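Descriptive structure summary
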Amino acid sequence: MKFTTLCYIEKDDKFLMLHRTVKENDANKDKWIGLGGKFEPGESPEDCLLREIKEEAGITLTSYRFRGIVTFVSDEWEDEYMCLYTADQWQGEISDCDEGELLWVKKERIPSLNLWEGDRIFLDLLATDEPFFSLKLQYQKDNLVDAVLNGTPLEFFDLRDQEGNPTGKRKARVLAHQDGDLHGTSHIWVARECNNNGYELLLQKRSATKDAYPGCYDVSSAGHLDIGETYLEAAIREAREELGLLVDEQDLEFVGMHDVYMEEEFYHKPFRNHELSAIYLYKVTNSDQQFTLQKEEVEAVRWFPYTTLLKEVQNNDINHCLVLDELKMLEPYLKR
């Protein structure tokens, strides 16, 4: 087990980044990272931090914060515990580093650098001033395949091609939504007949605590595909989890696939959502169908006449995150 420190020195909304370009056999070759290194015998984390910063940048830190513990697990490297710090005051002048180029980089530009994917997760935690955290990152070769934050696994996606097939690469949800990577979702539209022979659609109102589109009206039931999951499996699971609906494969009418890209900002962070969605229709025969809502995801549900909903979405008369093209895909199936 290896023990290390890593520190991000900040000023004027920038981090001091080290571009590791010198050592040929460096595991971090060509990557951009903070400053730090291995513990020496008898050192505390702070001893190691101060010594490494002095050696690599020529300065003495006078104000720093211990932000978290990062555990690295890999099929190619020895396991590592890393003590993560930020610092904002120091004495002395920053000198050249014999391990690469030191450069002040605006925080908003850092995600575009050549970073380890796991580094992007803890840099995001630093940016949002997350309280002291424990993050476990698991790699296969250079690929991040799992992450656990404070004992809770983070959600990962299979990235997909334009036909909806897995590409063989997976990515943490938070990173996929930063980068706009194509991933799969399943949407179930729940419908019931009205007295005038038309149809109503059930909309869910998203929880106010959601990381995207909080409090907006959305598809009846929708969700991302878990690793290795099919579109149909995800649709059935999401209907059960979000609405308490127990549906079978034969209950779902496949409407088609829909590719959509949306770019928004939530909580001062970019949100780029590129989904290839399988669209299903589920017609309930019981007009008094009851639903058991997953409160973490769904605040409430409400029935809307289809024609009324089309007009309200077109005119933005309701607070929603629906896609008009997808809504129009349902029309032929609601005229039978």
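The notes below deal with the structure included here. (Residues numbered from 1 in each chain as written. Predicted model: local features only at pLDDT ≥ 70, side-chain atom pairs only at ≥ 80, totals over all residues. Heavy atoms only, no water.)

On to the nonpolar core. Grouped together as the largest cluster of nonpolar side chains are 30 residues, with contacts concentrated most on Tyr-8, Met-17, Leu-84, Phe-122 and Leu-137. If one sorts the elements of this core by residue count, helix α2 (residues 117–127) sits on top with five residues. Among the nonpolar cores identified, the runner-up in size contains 23 residues, and Trp-189, Ala-222, Leu-330 and Leu-334 belong to it. (Core = buried A, V, L, I, M, F, W, Y, C linked by side-chain atoms within 4.5 Å. Buried < 20%, exposed > 50% of the residue type's maximum accessible area, 1.4 Å probe, protein only. Helix = DSSP H or I, 4+ residues; strand = E, 2+ residues; numbered from the N terminus.)

Glancing now at unusual backbone geometry. Despite not being glycine, Tyr-213 shows a phi value in the positive range, around 50 degrees. Assignment of secondary structure puts Tyr-213 in the loop between β14 (199–206) and β15 (217–218).

Attention now moves to the side chain of Thr-5. Tracing the backbone shows Thr-5 in strand β1 (residues 2–11). With a relative accessible area of 2%, Thr-5 lands in the buried category.

On to a nonpolar patch on the surface. Taken together, the side chains of Met-1, Phe-3 and Tyr-81 present a nonpolar region at the surface, about 300 Å² in accessible area. Considering the arrangement of structural elements, one finds Phe-3 in strand β1. (Patch = residues over 30% accessible without salt bridge, like charges linked within 9 Å, V, L, I, M, F, W, Y side chains within 5 Å. Areas by Shrake-Rupley, 256 points an atom, 1.4 Å probe, with all protein chains shown as cover. Salt bridge = Lys/Arg side-chain N within 4 Å of Asp/Glu carboxyl O.)

So, about the packing of aromatic side chains. Per the counting criterion, the structure on display carries 17 aromatic pairs. Residues Phe-291 and Trp-303 carry aromatic rings whose centres are separated by 6.3 Å and whose planes lie at 50 degrees to one another, so their mutual orientation is tilted. On the criterion of sequence distance, the pair formed by Phe-291 in the loop between β18 (269–283) and β19 (298–305) and Trp-303 in strand β19 is long-range, its members being 12 residues apart. An aromatic cluster of three or more residues is present, and its members are Tyr-64, Phe-66, Tyr-85 and Phe-132. Directly above the aromatic system of Phe-15 lies the positively charged group of Lys-107, at a separation of 4.8 Å from the ring centroid. (Phe/Tyr/Trp six-rings, centres within 6.5 Å; stacked < 30°, edge-to-face > 60°. Lys NZ or Arg CZ within 6 Å of the ring centre and 35° of its normal.)

This paragraph deals with the environment of Leu-61. Following the sequence through the fold, Leu-61 ends up in strand β5 (residues 60–74). A relative accessible area of 7% places Leu-61 in the buried class. For the pair Leu-61 and Val-284, spaced 223 residues apart in the sequence, the C-alpha separation amounts to 65 Å.

With that out of the way, let us pick up the pattern of salt bridges. Tallying each qualifying case throughout the model produces 27 salt bridges. In this structure, the salt-bridge partner of Arg-206 is Asp-218, at a minimum N-O distance of 3.0 Å. Of this pair, Arg-206 sits in strand β14 while Asp-218 is found in strand β15, placing the two residues 12 residues apart along the sequence. Ionic contacts of the salt-bridge type, sharing partners, join the residues Glu-40, Glu-43, Arg-51, Glu-52 and Glu-55 into one network.

All right, on to α2 then. Buried residues dominate α2, accounting for 10 of its 11 residues. For α2, the set of buried residues is Glu-117, Gly-118, Asp-119, Arg-120, Ile-121, Phe-122, Leu-123, Asp-124, Leu-125 and Leu-126.

Turning next to helix α5 (residues 306–314). Among the residues of α5, Tyr-306, Leu-309, Leu-310, Glu-312 and Val-313 are the ones counted as buried. For α5, the secondary structure elements touched by its buried residues are β14, β19 and α6 (324–329). (Contact = heavy atoms within 4.5 Å.)

A few words on the environment of Ala-57. Its location among the elements puts Ala-57 in helix α1 (residues 45–57). For Ala-57, a relative accessible area of 0% puts it in the buried group. Ignoring sequence-local partners within four residues, the contact set of Ala-57 consists of Leu-35, Glu-93, Ile-94, Ser-95 and Leu-102.

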